[in-house]
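Coordinate analysis (summary)
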Amino acid sequence: MELSTINSPKTDQDYHNKLISSDDPPPPTTLLLQRSKGGLVTMPFIIANEALERVATFGVLPNMTFYLMKEYNMGVTTAQNLLFYWSSATNFLPLIGAFIADSYLGRFLTIGFGSIFSFLGTFVLWLTAMNPKARPPPCDLLVSGQACKSATTAQYTILISSFMLMSIGAGGIRPCSLAFGANQFDKRDNTGNNKRVLETYFNWYYAAVMISVLIAMTGIVYLQDHMGWKIGFGVPVIIMFFSAFLFFLATPLYIKENVTNNLLGRFVQVIVVAYKNRKLAYPEQNSGYHYNKGSEFIVPTSKLRFLNKACIIKSPEDVKQDGVAVDSWSLCTVEQVEELKSLVRVMPLWSTGIMISINLSQSSFPLLQAKSMDRHITKRVEIPAASFGIFTVIALTVWLVVYDRVILPLGSRIRGKPFRIGTKERMGIGIFFSCMSMLLSGIIEHIRRRKSIDQGLLNNPEGVVAMSAMWLVPQHCLNGIAEAFNAIGQIEFYYSELPKSMSSIATAMFGLGTAVANLLASVILSNVDSITKREGKESWVSSNINRGHYENYYWLLAIMTCFNLVYFMVCSWAYGPCVESGSKKLVEEDGEMELENVSRPGSTT
């Protein structure tokens, strides 16, 4: 299970610094009106809204494969593909939500509407469990051997509607919650005390997200396994109701900021103007470019030089006396051009993260593996099959603590100067660990399948193999370490390489990669299923786990990940050095020495 919102402490600091520095001071009257709003009193409501939404939506996901197979008579391939589409929508819609919040509704209304949609989604899903007419007639697809009746169009529509409503809700809440909470502090008071309060908020925010995921994968899963779908899906409805209720309860306390400019529109302007000016000659001196006063971007860089024509001043009449372009669709600023350039440059490295997201999205097969193995810790204590993903979360969390509190201080002490692993290096290490995870998954599944055949369970996928499910823990731990390296490395990479004005884009890029990965994972799975079951053969990804060859599927993903690692190395070499590895200077702030970049791409210093 992917946790695309987890950042390292360095990322949090960069993000809230950008939030602090990105807004212009408001008029004095506005400042006086806002003094009585915002602050720490709003934090419990904002954090509770996000955390409870995570519990509700993550809680229905782990066991969803079983629900679709048992209640909707779907095969494992069909069920997994449907979950791929759902996950893709859930990861893509936050990009749309961020655009709507920044350009039209603002963060408060976007979160509010998102909470309502998430509540409706969990409610509709609960109705499918409560009303037998919302599902096809009962039929055991795995054991009976008979043709089971599929769901009708109306039944499918109700089910998919619940998924889409929850995805729309996540698209409204997740991209806005963190930034909306930061808005509640007086960002113009850029003092050390204010920064420490923001750091406390970010720490509590991420701690709440982690705890909510753990609760979802243990408590909600336990209810579904022991008390049935009606209660297992009903509790998330109640949780989501309180999520929305608590958020709206504090409405009078919130600082609600106005919407900002549309970054997407700014990118389109650069492309359009560069095309219009394609026949213009480049100015011989650097004084022929249009830039905002006070901007760090005064002269465009030489990379992707054809885009520089978008900011060439054709005549003095194109610029007003206050330095603003007369027509933004005829003249762009150097800052706009460099924003688009930075986004284009990171795209190849962004694409290397898709494969690891494909590996992490394989939720159905580990679930079926765990279901077919002995999950007892003691004679009375048994881990639910859907809760094994918790080991991924635990490994990720433990590694982050070890890296931040042990490895970095120890490395700094040994070297005698600050030590850290670069963002690109961490991304590459994560891809390597993901490859090892898929390789180990295949080995464990090969052993499990041989034991099931030896124990006469070839035609009984419901049988339990005399093999401890704890053998699955190492592959989950490797997944957690892979995500800790790659996912957080990606997020820090985007924050450090993209300009400050593109913080929202940096936030959305990882989720967009996950959305693309879910779609590609569905394509890979469908092709593997159709190719391997030709000529009457059993599919590698058969619904009968003992007759299929899940190990071959895992090894295929491992081979693809290995090629992706080579591709990453090529992209990393082509990208060149990062901003983080450029010249730095020591700045003393709040009594501590910190590293600060002297220049960024496109700056003149």
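Residues numbered from 1 in each chain as written. Predicted model: local features only at pLDDT ≥ 70, side-chain atom pairs only at ≥ 80, totals over all residues. Heavy atoms only, no water.

The chain appears in an unreviewed UniProt entry as Nitrate transporter from Solanum bulbocastanum. We quote the UniProt Subcellular location (unreviewed entry) comment for the chain here in full: "Membrane". (UniProt positions renumbered as here; feature names shortened; annotations may be inferred.)

1. Structural notes on the overall build of the chain
Check the secondary structure of the chain and you find 17 helices and 4 strands. Sequence-distant contacts in the chain: of pairs separated by 6 or more residues, those separated by 24 or more amount to 80%. Put simply, the chain shows about 27,300 Å² of open surface, and 64% of that area lies on carbon and sulfur atoms. (Helix = DSSP H or I, 4+ residues; strand = E, 2+ residues; numbered from the N terminus. Contact = heavy atoms within 4.5 Å. Areas by Shrake-Rupley, 256 points an atom, 1.4 Å probe, with all protein chains shown as cover.)

2. Regarding helix 11 (residues 353–360)
By the criterion of burial, helix 11 is predominantly enclosed, with 8 of the 8 residues buried. The complete set of buried residues in helix 11 reads G353, I354, M355, I356, S357, I358, N359 and L360. (Buried < 20%, exposed > 50% of the residue type's maximum accessible area, 1.4 Å probe, protein only.)

3. Re the nonpolar core
It is characteristic of soluble globular proteins that their nonpolar side chains tend to be buried jointly. Ranked by internal contacts, the top residues of the largest apolar core, which has 94 residues, are M64, L68 and L125. With sequence-adjacent residues up to four places away left out, L125 is seen in contact with V60, M64, Y67, L159, S162, F163, M166 and F233. If you look at the next biggest cluster of nonpolar residues, it comprises 25 residues, including F108, F185, Y205 and I220. (Core = buried A, V, L, I, M, F, W, Y, C linked by side-chain atoms within 4.5 Å.)

4. Describing the packing of helix 6 (residues 107–130) against helix 7 (residues 153–183)
The geometry of helix 6 relative to helix 7 is characterised by a closest axis approach of 7 Å and an angle of 150° between their N-to-C directions. If you check the angle between helix 6 and helix 7, you find them roughly antiparallel. Once helix 6 is placed against helix 7, the crossing between them reads as left-handed. Class assignment of the residues belonging to the contact of helix 6 with helix 7 gives a composition of 17 nonpolar, 12 polar and 1 charged. (Axes fitted to C-alpha atoms, helices over the stretch in contact; angles between N-to-C directions. Parallel < 35°, antiparallel > 145°, perpendicular 65-115°, else oblique. Left-handed = near helix turned anticlockwise from the far one by under 90°. Nonpolar A, V, L, I, M, F, W, Y, C, P; charged D, E, K, R; others polar.)

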